[in-house]
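Architecture at a glance
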Amino acid sequence: DGQTAMMIHVLQGERELISDCRSLARFELRGIPPMVAGAAKIRVTFQVDADGLLSVAALELGSGVEASIQVKPSYGLTDGEIARMLQESFQNAGDDKVARVLREQQVDAQRLIEAVLAALEADGERLLDAEERLVIDLQVQALTELMKGSDGYAIEQQTKRLSQVTDAFAARRLDSTVKAALAGRNLNEIEDN
């Protein structure tokens, strides 16, 4: 939440994981308006000219903030290196896909945990009884433990369970917010807006 900059890492390769690709450049997109985590929409474009110069631009769609970099072709790949990279990508496609999916599930789980913990900090005492809070805390703890491992299916299932046990809490938070926004206003005032 509140992030105002983003690091863009430009890589070359055919594999799913960063560690299996060649790093070409890094640059920062600064001046992003602070928002809730995940709300910023960034468009990254790649353009290669006839001389092999790679231009990479990042644009935050809401504010129009933009940054770019040019990567000069200081070293190229031989035909043999390209063939090797392609062969490795085919040989490792299954494992790479599993690793990517696992990482995506870990990121989704972490986002949910952060959102739940922030909600508990803000409204947990006010909107939950001790038993409900215990159930949520145990589900957060279970997901946190699973994220340390490599069982993507288990992480996915526990993420769903945590989401389900927090649905009622989320609904109460929304009701509370709406009631607070409407407090002291009559129907005519609301319709006029």
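These figures come from a predicted structure and were not determined experimentally.

**What about the nonpolar core?**
Soluble globular proteins tend to bury their nonpolar side chains together. Residues Val116, Ile136, Leu143, Leu162 and Phe169 are the most contacted members of the largest nonpolar core, which totals 16 residues. Listing elements by their share of this core, those giving two or more residues are α2 (93–127), α3 (130–147) and α4 (152–182). Take this core: its biggest share by element is eight residues, from α2. Ala25, Leu29, Ile32 and Leu54 belong to the second-largest nonpolar core, a separate cluster that totals 12 residues.

**What about the pattern of salt bridges?**
Following the criterion strictly, the structure yields 10 salt bridges and no others. Between aspartate 20 and arginine 15 there is a salt bridge; the shortest N-O distance is 3.3 Å. Close ionic contact of glutamate 16 with arginine 100 constitutes a salt bridge, the shortest N to O distance being 2.6 Å. Of this pair, glutamate 16 sits in the loop between β1 (5–12) and β2 (22–30) while arginine 100 is found in helix α2, placing the two residues 84 residues apart along the sequence. Judged by relative accessible area, glutamate 16 falls into the partly exposed class, the value being 40%. Classification of arginine 100 by relative accessible area gives partly exposed; the value is 26%. Among the ionic contacts, a cluster of salt bridges with common partners joins Glu16, Arg100 and Glu104.

**Concerning the sheet that holds strand β5 (residues 66–71)**
Strand order in this open sheet of three strands is β3-β4-β5, and the pairing throughout is antiparallel. Looking at the sheet topology across the chains shown, the edges are occupied by β3 (42–48) and β5. Direction aside, the axes of adjacent strands within the sheet are offset by 15° on average. Two elements, β3 and strand β4 (residues 54–60), share seven bridges in a ladder whose sense is antiparallel.

About the cut-offs
Note that residues are indexed from 1 along each chain, following the sequence as it is written. The predicted nature of this model means local features are confined to residues of pLDDT at least 70 and side-chain atom pairs, given and counted, to a pLDDT of 80 or more, with totals for whole chains, interfaces and linings taken over all residues. Hydrogens and waters are ignored; side-chain quantities use all the structure's heavy atoms. Joining through side-chain atoms within 4.5 Å is the link that ties buried Ala, Val, Leu, Ile, Met, Phe, Trp, Tyr and Cys residues into a set, and such a set is a nonpolar core. Exposed residues in this analysis have more than 50% of their type's maximum accessible area, buried residues have under 20%, and partly exposed residues fall in between, with area computed by a 1.4 Å probe over protein chains only. Helix numbers and strand numbers start at the N terminus; a helix is a DSSP run of H or I with at least 4 residues, a strand a run of E with at least 2. Any carboxyl oxygen of Asp or Glu that lies within 4 Å of a side-chain nitrogen of Lys or Arg is treated as forming a salt bridge with it. Pairing between strands requires that DSSP locate at least two bridges from one strand to the other. Structural elements are reduced to axes, namely lines fitted to C-alpha atoms, with helices fitted over the stretch in contact, and the angle between N-to-C directions of any two is expressed from 0 to 180 degrees.

Take it as geometry only, folks, not as evidence of what the structure does.
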